[in-house]
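Chain residues, written in single-letter form:
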Amino acid sequence: MEKVFNSSAVEAKIYEKWERSGAFQPKKPKSPKQPFCIIMPPPNANEDLHIGHARFVAVEDILTRYHRMKGEPTLWLPGADHAGIETQYVFEKKLKDEGKSRFDFDRETLYQMIWDYSMEKKSRMESQLRALGASCDWTRNKFTLDPAIIKIVYRTFKKLFEDELVYRGNRLVNYCTHCGTAYSNLEVDHVERTDPLYFMKYGPFTLATVRPETKFGDTAVAVNPKDKRYVEWVGKEIEVKGLLGKFKIKVIADGAVDPEFGTGVVKVTPAHDSVDWEMGRRHNLEVKQVIGLDGRLNEKAGRYQGLTVKEARRMVAEDLQKAGLLEKVDENYRHSVAVCYRCKSVIEPLPMEQWFLKVVPLVKKALVAMGKGEVKFTAKRFDKIARHWYANLYDWNISRQIVWGIRIPAWKCGKCGEWTITAGETPDRCSKCKSKEITQDSDTFDTWFSSGQWPFATLQTSQKGDFEFFYPTSLMETAYDIIPFWVIRMIMLGLYETGKVPFREVLIHGLVRDKEGQKISKSKGNVIDPLVMVERYGADALRMGVVWGAKVESDIALSEENIRGQRNFANKIWNVARFVLMETNLKSKILNLKSKNKDDQWILKEIKTTIEKVTKALDTYRPNEAVEELYEFVWHRFADIYLEKTKSRRAEAQPTLELVLKESLKLLHPFMPFVTEAIWEELGEKEMLITSPWPKA
RNA sequence: GGUCAGGUAGCUCAGUGGUUAGAGCUCUCGGUUUACAUCCGAGUGGUCAGAGGUUCGAAUCCUCUCCUGACCACCA
């Protein structure tokens, strides 16, 4: 054996040996044991793995290897996400660097270009998962754009439509004029900003607004019903002198108006503000759209037509001033503005026809299942967070105006206007009037609509019998920031489509931060590349580093010193083995361990305790506790104390040394698979460590 | 405005009713030809945020206060 453990020389070979042997595939046949199954949260097929991925890989792989060693039929199913808008955004940035844009290509060409780009990233990502030691079953690898997966998504959509849970609605949506698509409420960020608050004269009133440019879309003026100042006006029409001449407008009373804010009077623009939209619905107001998808004012804005929102705001303010209609401007008004989570452009609320999913009936079922404990969050607080999200879910806009994704299987009739929905096949005529003038909706599904079906979609399209055997899966392990996007939707759609929850338990992991506890970001320059760490210290050390020192649910502060320390631990294990193997001939194995020696008895008792502690820690999802116990046991009790003491009576202690070493390797294997398997090989064992039985206390 | 999490050694964090509160890193001193300097031994370092309560016993359970962080919300 080498003097030090050389991770980079052996890791790839060991991984290949595992994969080739079929060890990653579940041993299904007639095992009486309950299966263990994790569906991997599919990483985006548009980027390299970052340090956060390393954490989930470590946690899921630890659990997978542990259950596999316990003899359970174990499946960890890998996959990749096409990540609709994310990938298209990344790709468009690349196009921009090349001096091109998405408008230079037709739909098919653009799709193919993104496909090629995504495939390249995907295979890179997969090799990175291998480098981290992920023991997932590659023979069952899935991609969200696999034809079989798409078929499932279509099937669900059609069923939802037939059950009247999906509808075509003209509603106010969050539109990003830069990305050219609408978003769900979850994909909108809010940022604090200072903007001028304009106090403008409006007939007999003065009212405050930050958006004077939308005044051409006003269809009412509102006050609070309890506001005594304006009670005489309610229900009447007022005449207003505006920039485009005089017009008449209704005064309404609505509880949504805060009498304390500004003057207590507000202009109502249903087409461009969500509060106003709701007010408009309550009072049957006309929806007058003055801003288009291009983010510019339209013909209804008279001479302001063609201006961008920003330009129009300045000009309208100036003109109001000139016309004597501007009373004052508060330049220090702080408020929050909705921006695109991707490109940070200001979101324009616009009325648009989109596909919506009614969430309330689905939410009800999800809450029932949670109440019955059919799906449990391992930490109570995430249960609360999930419930909070369910309580605040609105109908979900599932249409996106991008090409990278699953195209919606809906065809509109040019004659009668009716929609024809199919499970993917192209219809030849309208289902209502039989006209042949039908055209497919150009939109694609929100990525989360398809990934919300991931657990059953993957298993139903995997090997025969997988769905029946593994569903509901044992555990969903994922990050807390995607609870609202993904976890709660998987529960909703899983229950809807299969009648069962998609997983029995949810384990939520925290973020990986830098050693000062700062959030990792490119702009801060504190990124830690997991593959560089693997190269430098070995995959085992990195895996230990992202598990060490904090509960799974907490954020973790990761330092390179820590990873280095774990590399040293891997080397320590290696040298313990070297010591044990050094002066002995393993063929003279003595299996009888009735040693009367006090030290032998002590270490045997110690490892028994360690087996108990590690097993319990893994059963309760506390790999951090398991890891600290192992570190303490192997390094300090086994190596520093026991092993030192055997030096004076080496031959006698040899059987105990061997036994404790082997048991230690088994316990360490889920956490540090490479170094332990490498030593196992040196021991000359026939069976690989990865499929060896878990020790019994 | 609402919700959630956290405050334990210099730093990053474990520990949730039971001896004298722990680990890693850091720091100080000493050692080491003989498995490993990616090493070994010894040591420094804590009013467990604060106050009150429950208990034979509280870092741990309850109440209040202070501080930090995150998230949500239709602040015109």
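Values in this document were obtained by computation on a predicted structure and should not be read as measured data.

Q: How should the packing of helix 5 (residues 147-162) against helix 13 (residues 483-498) be read in this particular structure?
A: Two numbers describe a pair of packed helices, the interaxial angle and the distance between the axes. Contact pair helix 5 / helix 13: the axes reach a minimum separation of 11 Å and the direction vectors enclose 80°. Our classification of the angle between helix 5 and helix 13 gives roughly perpendicular. Counting all contacts with helix 5, which are made through R155, T156, K159 and L160, the residues of helix 13 involved are L493, Y496 and E497. Classifying every residue of the contact of helix 5 with helix 13 gives 3 nonpolar, 1 polar and 3 charged.

Q: Please explain the sheet that holds strand 20 (residues 438-440) as it appears in this structure.
A: The strands making up a sheet associate through backbone hydrogen bonding, with each pair oriented either parallel or antiparallel. Strand order in the open sheet formed by 3 strands is 19-18-20, with antiparallel pairing between adjacent strands. Both edges of this open sheet fall to strand 19 (419-421) and strand 20, since each of them pairs with a single strand only. Going from strand to strand, the sheet's axes swing by 30° on average, the running direction of each strand aside.

Q: Just checking my understanding: could you explain the packing of aromatic side chains for this structure?
A: Pairs of aromatic rings are described using the distance from one ring centre to the other and the angle between the two planes. This structure, assessed with the given rule, holds 34 aromatic pairs. Seen from their ring centres, Y15 and F24 are 5.3 Å apart, and the 55° between their planes marks the pair as tilted. Residue Y15 is classed as buried on the basis of its relative accessible area of 4%. Centroid distance F157 to F445: 5.0 Å. Interplanar angle 65°. Geometry classified as edge-to-face. Of the two residues, F157 is situated in helix 5 and F445 in strand 21 (residues 444-445); the sequence distance between them amounts to 288 residues. Every member of this aromatic cluster is reached through a ring pair, and the members are F157, F161, W355, W396, W419, F445 and F449. The cationic tip of R342 hangs over the ring face of Y341; the distance from NZ or CZ to the ring centre is 6.0 Å. In this structure, R489 packs its charged tip against the face of W396, placed 3.7 Å from the ring centre.

Q: What is the right way to look at the pairing of strand 22 (residues 473-479) in this model?
A: Note on strand geometry: in a regular strand, side chains alternate between the two faces of the sheet. Of all 7 residues in strand 22, 7 are buried; the element is thus mostly enclosed. Two strands pair when backbone bridges link them, and strand 22 and strand 23 (residues 503-509) are joined in this way by 6 bridges, in the parallel orientation. Paired with M476 across the strands is V506, a residue of strand 23.

Q: Would you take a moment to explain the side chain of H67 for this structure?
A: Along the polypeptide, H67 turns up in helix 2 (residues 51-69). Of the polar contacts made by the side chain of H67, one reaches the side chain of E72; its length is 2.6 Å. Once residues lying within four places of it in the same chain are set aside, the contact partners of H67 are F36, E72 and T74.

About the thresholds
Residues numbered from 1 in each chain as written. Chains lettered and ligands numbered in written order. Predicted model: local features only at pLDDT ≥ 70, side-chain atom pairs only at ≥ 80, totals over all residues. Heavy atoms only, no water. Axes fitted to C-alpha atoms, helices over the stretch in contact; angles between N-to-C directions. Helix = DSSP H or I, 4+ residues; strand = E, 2+ residues; numbered from the N terminus. Parallel < 35°, antiparallel > 145°, perpendicular 65-115°, else oblique. Contact = heavy atoms within 4.5 Å. Nonpolar A, V, L, I, M, F, W, Y, C, P; charged D, E, K, R; others polar. Pairing = 2+ DSSP bridges. Phe/Tyr/Trp six-rings, centres within 6.5 Å; stacked < 30°, edge-to-face > 60°. Buried < 20%, exposed > 50% of the residue type's maximum accessible area, 1.4 Å probe, protein only. Lys NZ or Arg CZ within 6 Å of the ring centre and 35° of its normal. Polar contact = N/O pair within 3.5 Å; in protein donor to acceptor, adjacent residues only side chain to side chain.

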